[in-house]
Amino acid sequence: MVAPGSFAGRNRRERGVDPKTAAEAAAALTLRGLPGVGPVRFAQLVDRFGSAHAALGASRADFDEVAGRRAGAKRRRGEPARSAVQLVERCADGGIAPLVYGTTGYPPALRDLNAPPSILYALGRTDLLRDPGVAVVGSRRATAYGRRIARQLGASLAAQGRCVVSGMAMGVDAAAHRGALPGPTAAVLGSGVDVVSPPRNAALHREIRENGVVVSEYAPGVPAEPHHFPVRNRIIAALASDVVIVEASQRSGALITAGHALDLGREVHAVPGPIDRPTSEGTNRLIADGAGVIVDAGLRDTAECGTRQPAEPELRELLAAMPPAPVTVEEAALAAGRPVEEVATSLTVLEVRGYLTPTRDGRVMKTPGGHGAAVW
C-alpha cells in the first residue's frame, strides 16, 4: 500500500506544497475510490474520525461500521492509494489547490449541502470562498439586454467587495464575470479547473484565475459533460447568500440553480423581462412565484459610466474607432487601420474588461451604456 503520507516528499516541499494538505487530499481521494464511498459516506467518515487521513487509519471494525465491508476489504488491499497520490502530484504541478471536506480551507457554505463535494479543486484566490458571495446566473442564449444587466450587476457587486459567483458559460454567466473583473469573482466549472469550456472563454478563464478563483469538484483534466452542469449548479447556489437569475427559459439550468438555492434557504431574485421573450419565461415565473424582483442593476448614471476609458492609449484608440454596429475582427482592424493579429488581441482584452460585448454570431459590439463601477 502507498501511504497517503508518503506524498510529503522533498520535491513536493520545494514546490511550496503543504505536506499535511497533500496527505489529506491523497487520503480523501483514496477514500472516494473505495466502493460505496460517495460524498455522503465520505462526510460521515470525516465527521466520525476527524479527517480523511484518520479515517484511513481507523481500526477495521470502526471503519467497516461506517464505510461498509466492501470498502473495508479494498482499503486493506491498499487500493487505490497510488493513483490518489499521482492526482495530488498533478494538482501540485499545475498550481491547483485541493480543498478537502473537513479541513480549514474547505468553503464553510458547502457544508450546507446534503452531499457536499468531498474535494473541491481551485485555481486562484481560495480566500474568496470563505464568505458567501452573490450568484448571478442565466441563459447561455442571453439577449443583449440580459448580458448588459448581468455585466452591470457583476460590476455593482464587485465594487462593494462582494464575490460574484457564476458558471463561466456563454451569455449571462460570462457577462457577470466580466462585469466583476478585476474585482472578486468565482467561476464554478462543469469540467476540471484546467479545462476551458467553451474554448472561446480562454481569455476570461485566465483573467478569473489571476484575479478571482476557478473551482470545480471534477478532477483536473476531466472534460465538460452535459450531465456535469446540473450537478455543479448546487455548488453555485451553496457558495452564495443570494442568487440572481437574469434571464432563463422555462427549461434553463439557471432554474435548477434557483431550486437548489431555495432548498438551501438562500435568497432568490430575478430580473423581469418582456413577456413575449422565451428568455424571460423562467425569470417572470420565478417572480410570479414569489422571488425577489431586481428593479435596479445598480448603475448610477449611464452617461457617467460611458465616460470610462481604458488606460492604455492603443486600446482607447481602437475603442474610439469601433463602429456602433457589431463587427468582425477583420472589420475592426480595417476601421482602426491596424493589423488583424494585433487587433484580435486588443479586442479580447476589451471584451474581458467589459468595453465590448460578444454577439451570438461571433462578432463584437460596444457595450451599451459603457463599462463603469456600479453600486448594488
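Going by the structure above, here's the rest.
Heads up: these notes are all about the structure in this document. Remember, predicted model here, so these are calculated numbers, not experimental data. (Residues numbered from 1 in each chain as written. Predicted model: local features only at pLDDT ≥ 70, side-chain atom pairs only at ≥ 80, totals over all residues. Heavy atoms only, no water.)

### Quick word on the pairing of strand β2 (residues 119-124)
In the case of a regular strand, side chains alternate between the two sheet surfaces. When you tally the buried positions in β2, you get 5 out of 6 residues, the bulk of the element. Here 4 bridges tie strand β1 (residues 97-100) to β2, and the two strands are oriented antiparallel to one another. Along β2, the bridge assignment pairs alanine 97 with alanine 122. Bridge count between β2 and strand β6 (residues 213-216): 4 bridges; the pairing is antiparallel. When the bridges of β6 are listed, alanine 122 appears paired with valine 215. (Buried < 20%, exposed > 50% of the residue type's maximum accessible area, 1.4 Å probe, protein only. Helix = DSSP H or I, 4+ residues; strand = E, 2+ residues; numbered from the N terminus. Pairing = 2+ DSSP bridges.)

### A few points about the packing of helix α3 (residues 39-49) against helix α5 (residues 60-67)
In a pair of packed helices, the angle between the axes and the distance between the axes together describe the arrangement. At a minimum axis separation of 9 Å, α3 and α5 run at an interaxial angle of 145°. Once α3 is placed against α5, the crossing between them reads as right-handed. In this structure, α3 uses Arg41, Gln44, Leu45, Arg48 and Phe49 to contact α5, whose residues at the interface are Asp62, Phe63, Glu65, Val66 and Ala67. Of the residues contributing to the contact of α3 with α5, the split by class is 5 nonpolar, 1 polar and 4 charged. (Axes fitted to C-alpha atoms, helices over the stretch in contact; angles between N-to-C directions. Left-handed = near helix turned anticlockwise from the far one by under 90°. Contact = heavy atoms within 4.5 Å. Nonpolar A, V, L, I, M, F, W, Y, C, P; charged D, E, K, R; others polar.)

### Considering the nonpolar core
By size, the foremost hydrophobic cluster in this structure holds 76 residues, and its most contacted members are Leu31 and Phe42. For this core, the element with the most residues is helix α2 (residues 19-32), which contributes 7 residues. In terms of nonpolar packing, the next biggest core, distinct from the first, is built from 18 residues, Ile149, Ala150, Val164 and Val172 among them. (Core = buried A, V, L, I, M, F, W, Y, C linked by side-chain atoms within 4.5 Å.)

### Comments concerning the packing of aromatic side chains
In total, this model carries 2 aromatic pairs according to the counting rule given. Relative to tyrosine 101, the ring of phenylalanine 42 has its centre 6.5 Å away and its plane inclined at 70°; by these criteria the two rings are edge-to-face. Of this pair, phenylalanine 42 sits in helix α3 while tyrosine 101 sits in the loop between β1 and β2, and the two are 59 residues apart along the sequence. For tyrosine 101, a relative accessible area of 4% gives the class buried. Put simply, the rings of Phe42, Tyr101 and Tyr106 touch in pairs and so form one group of aromatic residues. The aromatic ring of phenylalanine 63 is capped on one face by arginine 75, whose charged end is 4.1 Å from the ring centroid. Positioned above the aromatic ring of phenylalanine 229, the side-chain terminus of arginine 140 is 5.0 Å from the ring centre. (Phe/Tyr/Trp six-rings, centres within 6.5 Å; stacked < 30°, edge-to-face > 60°. Lys NZ or Arg CZ within 6 Å of the ring centre and 35° of its normal.)

### Topic: the environment of glycine 253
On the secondary structure map, glycine 253 appears in helix α12 (residues 253-263). Using a relative accessible area of 31% as the deciding quantity, one classes glycine 253 as partly exposed. It is 7.8 Å that separates the C-alpha atoms of glycine 253 and asparagine 233, two residues lying 20 residues apart in sequence.

### Some words on α2
Between its first and last C-alpha, α2 extends 20 Å over 14 residues, near the 20 Å set by a 1.5 Å rise per residue. Of all 14 residues that make up α2, 10 are buried, and the element is covered over most of its length. When α2 is considered as a whole, its buried residues turn out to be Ala22, Ala23, Glu24, Ala25, Ala26, Ala27, Ala28, Leu29, Thr30 and Leu31. Next to the buried residues of α2 lie α3, α4 (52-56), α5, α7 (81-93), β1 and β2. (Expected span 1.5 Å × (residues − 1).)

### A short note on the pattern of salt bridges
Inspection of the entire model under this criterion finds 9 salt bridges. The partner of arginine 76 in a salt bridge is aspartate 64, and the shortest N-O contact between them spans 3.5 Å. Taken together, the positions of arginine 76 in helix α6 (residues 69-76) and aspartate 64 in helix α5 put the pair 12 residues apart, joining distant regions of the chain. Arginine 266 is paired through a salt bridge with aspartate 112; the nearest N and O atoms lie 3.0 Å apart. With arginine 266 in the loop between α12 and β8 (267-270) and aspartate 112 in the loop between β1 and β2, the pair connects residues that are 154 residues apart, well separated along the chain. When its relative accessible area of 13% is taken as the criterion, arginine 266 is described as buried. For aspartate 112, a relative accessible area of 44% puts it in the partly exposed group. Bridged by salt links that share partners, the residues Arg48, Asp62 and Glu65 form one connected network. (Salt bridge = Lys/Arg side-chain N within 4 Å of Asp/Glu carboxyl O.)

Spatial relationships are all this shows, so hold off on functional conclusions.
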